[in-house]
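# Notes for the structure review
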Amino acid sequence: GESVGLHLPTLSVQEGDNSIINCAYSNSASDYFIWYKQESGKGPQFIIDIRSNMDKRQGQRVTVLLNKTVKHLSLQIAATQPGDSAVYFCAERSRNYGGSQGNLIFGKGTKLSVKP
Amino acid sequence: SAVISQKPSRDICQRGTSLTIQCQVDSQVTMMFWYRQQPGQSLTLIATANQGSEATYESGFVIDKFPISRPNLTFSTLTVSNMSPEDSSIYLCSVDTGTYEQYFGPGTRLTVT
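About the cut-offs
Residues numbered from 1 in each chain as written. Chains lettered and ligands numbered in written order. Predicted model: local features only at pLDDT ≥ 70, side-chain atom pairs only at ≥ 80, totals over all residues. Heavy atoms only, no water. Helix = DSSP H or I, 4+ residues; strand = E, 2+ residues; numbered from the N terminus. Rg over C-alpha atoms; globule rule 2.2 N^0.38 Å. Buried < 20%, exposed > 50% of the residue type's maximum accessible area, 1.4 Å probe, protein only. Contact = heavy atoms within 4.5 Å. Areas by Shrake-Rupley, 256 points an atom, 1.4 Å probe, with all protein chains shown as cover. Lys, Arg positive; Asp, Glu negative; His and termini not counted. Charge placed at Lys NZ, Arg CZ, Asp CG, Glu CD. Pairing = 2+ DSSP bridges. Axes fitted to C-alpha atoms, helices over the stretch in contact; angles between N-to-C directions. pLDDT = per-residue confidence, 0-100.

### Regarding the overall build of chain B
Counting secondary structure elements, chain B contains 0 helices and 11 strands. Ordered by position in the sequence, the α and β elements of chain B form the string β-β-β-β-β-β-β-β-β-β-β. For chain B, the C-alpha radius of gyration of 13 Å lies close to 13 Å, the compact-globule estimate for 113 residues. Its C-alpha atoms give chain B principal-axis dimensions of roughly 40 × 25 × 20 Å. Scored against the burial criterion, the 113 residues of chain B give a buried share of 50%. Pairs at least 24 residues apart make up 53% of the contacts formed inside chain B by residues separated by at least 6 positions. A total of about 5200 Å² of accessible surface is found on chain B, and carbon and sulfur atoms cover 47% of it. Put simply, chain B has 7 plus and 9 minus side-chain charges, and the middle of one group is 9 Å from the middle of the other.

What follows is the structure in structure tokens.
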């Protein structure tokens, strides 16, 4: 969903269910994508990344899917736990965007709430 | 990965004053960045802190307001100058380890009254 200022889109799931968080990115030249988890009062924590030459990457309980045709990124969390409750941000990097490796552009974020 | 610390973790400041935020990394890194995160919102890049040269600022951010130092490969400071309530935000230091991955510090929560 699209953020409306201070009101982040919220996804509420039951503990043990799978979660899917979606992100639309803006730059077709972006070649690298990261998902971050941010708990209240903390800095963003790196979860998983994917390069544009891949369409799927799996980590521990998390999977990232990349659809370059529609510029869409998703994060799947298996067997969601209360500790997964946080705000999740996607970020993209374009090799055309300044610096030797480019800078990250962040999406608006989705708040994941896990019900015990 | 990299372990990043920031000082102070939070502060409440009077308008018109300045605050300097420190960022320390446990290993040498090429790229260091400063971000701002306003309440309930996403992260916005302020500038890239370049070692041995002037920082590179993003559109909407200027050196007079946000002077940055980068004296070596493990340390940087961001100063928020002549503060107003609109500067109330979380300020985050970030590093690129050179392997594509980018890591963040815990942030400095600034409130300007």
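Let us keep going from here.
### Topic: the sheet that holds strand 8 (residues 75-80) of chain B
Each strand in a sheet pairs with another by means of backbone hydrogen bonds, the pair being arranged parallel or else antiparallel. Residues and elements named next belong to chain B. Strands sit in the order 1-3-8-7 across an open sheet of 4 strands; the sheet is antiparallel. On the outer flanks of this sheet lie strand 1 (4-7) and strand 7 (68-72), each paired with one strand and no other. Direction aside, neighbouring strands of the sheet carry axes that sit 15° apart on average. Of the strand pairs in this sheet, strand 3 (residues 19-25) and strand 8 are connected by 6 bridges, and their pairing is antiparallel. If you follow Cys23 over to strand 8, its bridge partner there is Ser76.

### Overview of the confidence of the model for chain A
Overall, the prediction assigns chain A a mean pLDDT of 88, with 87% of residues at 70 or greater. Contacts of residues 1-6 of chain A to residues separated by more than four positions or lying in other chains number 9 contacts, the stretch itself having pLDDT below 50.

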